[in-house]
Amino acid sequence: MRRGEDCDVERLDPKKTDPEYFEYECLTVEEVEKLLNESVEKLNTILQITPSLAKVLLLEHQWMNQVVVDKYRQNANTLLVETRIKPPCNNTDPSLEVDSAPSTSAAAAAAAVTSSTTSSTTASPSAMPPPIVGTLSTYSKSPTSTPTIGSSSSLTQQYRSQMCPVCATVQLGDKFYSLSCGHSFCKDCWSMYFETQIFLGISTQIGCMAQMCNVRVPEDLVLTLVTRAVMREKYQQFAFRDYVKSHPELRFCPGPNCQIIVRSREIAPKRTVCTACGTSFCFKCNMDYHAPTDCQVIRKWLTKCADDSETANYISANTKDCPKCHICIEKNGGCNHMQCFNCKYDFCWMCLGDWKTHGSEYYECSRYKDNPNIANESVHVQAREALKKYLHYYERWENHSKSMQLEQQTLDRLRQRINEKVMNGRGTWIDWQYLFNAAALLAKCRYTLQYTYPYAYFMESGSRKDLFEYQQAQLEAEIENLSWKIERAETTDLGDLENQMDIAEKRRTTLLKDFFPVEA
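Criteria and cut-off values
Residues numbered from 1 in each chain as written. Predicted model: local features only at pLDDT ≥ 70, side-chain atom pairs only at ≥ 80, totals over all residues. Heavy atoms only, no water. Axes fitted to C-alpha atoms, helices over the stretch in contact; angles between N-to-C directions. Helix = DSSP H or I, 4+ residues; strand = E, 2+ residues; numbered from the N terminus. Parallel < 35°, antiparallel > 145°, perpendicular 65-115°, else oblique. Left-handed = near helix turned anticlockwise from the far one by under 90°. Contact = heavy atoms within 4.5 Å. Nonpolar A, V, L, I, M, F, W, Y, C, P; charged D, E, K, R; others polar. Buried < 20%, exposed > 50% of the residue type's maximum accessible area, 1.4 Å probe, protein only. Salt bridge = Lys/Arg side-chain N within 4 Å of Asp/Glu carboxyl O. Phe/Tyr/Trp six-rings, centres within 6.5 Å; stacked < 30°, edge-to-face > 60°. Lys NZ or Arg CZ within 6 Å of the ring centre and 35° of its normal. Pairing = 2+ DSSP bridges.

1. Focus on the packing of helix H3 (residues 29–47) against helix H5 (residues 65–74)
- In contact at an axis separation of 10 Å, H3 and H5 are set at 25° when each is read in the N-to-C sense. In terms of their interaxial angle, H3 and H5 are classed as roughly parallel. Our pair here, H3 against H5, has a crossing hand that is right-handed. For the pair H3 and H5, contact is made by Ser-39, Lys-42, Leu-43, Ile-46 and Leu-47 and by Asn-65, Val-68, Val-69, Tyr-72 and Arg-73, respectively.
- Across the contact of H3 with H5, the residue classes break down as six nonpolar, two polar and two charged.

Have a look at this one:
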């Protein structure tokens, strides 16, 4: 008995029964800042380094603390050079070197990167401010040599005049700032340079002004020298954007003006719906949800559509002639089951074939038939065949997109008629709710069907493609039947409609289970 109960629980587990099941949470900006700061503080505690250094290291290693810790303990110099905190050893002053032995203390490494040469005492890691997003401190002020702190030579260095290599003005040494590479520039030049970079949308990737130097400029130097509040705020926004984009578990909601950030530990191409704006997107690639097509294939398809869609639009017409009476017909609904208003002939909008033949098990018009002798044809013939194949799939891709729009119009008209019935006392809204459930299921099924065409276009011929096209055809046939019944909902039997809904959803689920790329 217990075993049977366990089987029932397993059978009802959505992780095993629903191929689109996905666990995620929607976070605010403040919640994400707290999450990132916790990672910074954790690394800061483990390695005893400044929050600024911890943040840069996490940014370059997808916020994986353990990876940073392992690399840091193996060879601190190599890690700091790879993350552009330090220049290569042959381009820096020997005083900036960090002992690369595994026993090197993390605190010594951080102090070497900071390499401050001011007359004031350098802050130790324990004395640094709390790790708040947007605060870094790994730069040097005044000349690059390091005198004894508090000595008379320190004061001499501080007030010694030098020329800025950018603006060619001579200023006191305390007006100059340099990075770990030793390149020194005056405050005004740094400030103007930073504002230019921020205006271009660059933040965490701002580099040294010197030619052929790629040392990263830390945030604390930027925020120290940029005095305009608007530019400082923009810089912090851009930096936060870079932090989120570099974190593998975080995604910005692509909805317009939406500030929600989605987090999931499973990096998979699954449907994600924002709780704030309702936008649906693929968590892995952040584009429109596209099951069963994977992210790489849908990118290739959209690129191809952008290049060839005008050709497709030129060749494909918006109207077609009735195959029986040849009168011009314009499609005004989402269903591909057409009935000529003149001769009442039932035919398929896509292939113009008799609709009666589409009741069979194989929905042939959704399948593209390759030319078996195409390899022996001329280049021009092969090019025409390639365009013909593309148009076959593009026309169906575009047709289902338009069908969803037309079915929404049908649903709006249906809602108006139901409202009239309710006002006239013929039932309540609850009595007619099943129609809206059917319309929602139809939209979901047709959306999945639309994205089967890019998948089929890039599939190689073989038994697996034959199976896919068979399931695709079955799904398409049931979708058209469901669409036909919804458009005639007021005369459709409730039981018949619910049965059709169940069949369509099972076809969709079966196809996704067999072909949806659930791996990350």
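Still more ground to cover, so stick around.
2. Some points on the environment of Leu-43
- By secondary structure assignment, the location of Leu-43 is in helix H3.
- Judged by relative accessible area, Leu-43 falls into the buried class, the value being 0%.
- With 14 residues separating them along the chain, Leu-43 and Leu-57 place their C-alpha atoms 9.3 Å apart.
- The contact partners of Leu-43, leaving out residues within four places of it in the chain, are Gln-48, Ile-49, Ala-54, Leu-57, Leu-58, Asn-65, Val-68 and Val-69.

3. Quick look at the pattern of salt bridges
- Evaluation of the coordinates by the stated rule reveals 15 salt bridges.
- Between Arg-241 and Asp-242 there is a salt bridge, and its shortest N-O distance comes to 3.4 Å.
- Arg-241 gets classed as partly exposed once you look at its relative accessible area, which sits at 25%.
- When its relative accessible area of 16% is taken as the criterion, Asp-242 is described as buried.
- The salt bridge partner of Glu-266 is Lys-270, with a shortest N-O separation of 4.0 Å.
- Among the residues examined, Glu-266 registers a relative accessible area of 34% and is labelled partly exposed.

4. Focus on the packing of aromatic side chains
- Within the structure shown, the criterion is met by 25 aromatic pairs.
- Between Trp-432 and Tyr-434, the aromatic rings sit 6.5 Å apart at their centres with planes inclined by 20°, giving stacked as the arrangement. In this structure, Trp-432 and Tyr-434 share a single accessibility class: buried.
- By the ring-pair criterion, three or more aromatic residues cluster together here, those being Trp-301, Tyr-390, Tyr-393, Tyr-394, Trp-397, Tyr-447, Tyr-451, Tyr-453, Tyr-457 and Phe-458.
- The side chain of Arg-251 reaches across the aromatic face of Phe-283, ending 4.7 Å from its centre.
- Its guanidinium or amino end placed over the ring of Tyr-457, Lys-389 lies 5.2 Å from that ring's centre, counting from NZ or CZ.

5. As for the sheet that holds strand E8 (residues 261–263)
- What the three strands build is an open sheet, ordered E1-E8-E7; its pairing is antiparallel. Across the chains shown, the open sheet's two edge strands, defined by having one partner strand only, are strand E1 (25–27) and strand E7 (250–252). Each strand of the sheet is rotated relative to its neighbour by a mean of 30°, with strand direction disregarded.
- Across three bridges, E7 lies against E8 in antiparallel orientation.

Nothing here speaks to function; it is all geometry.
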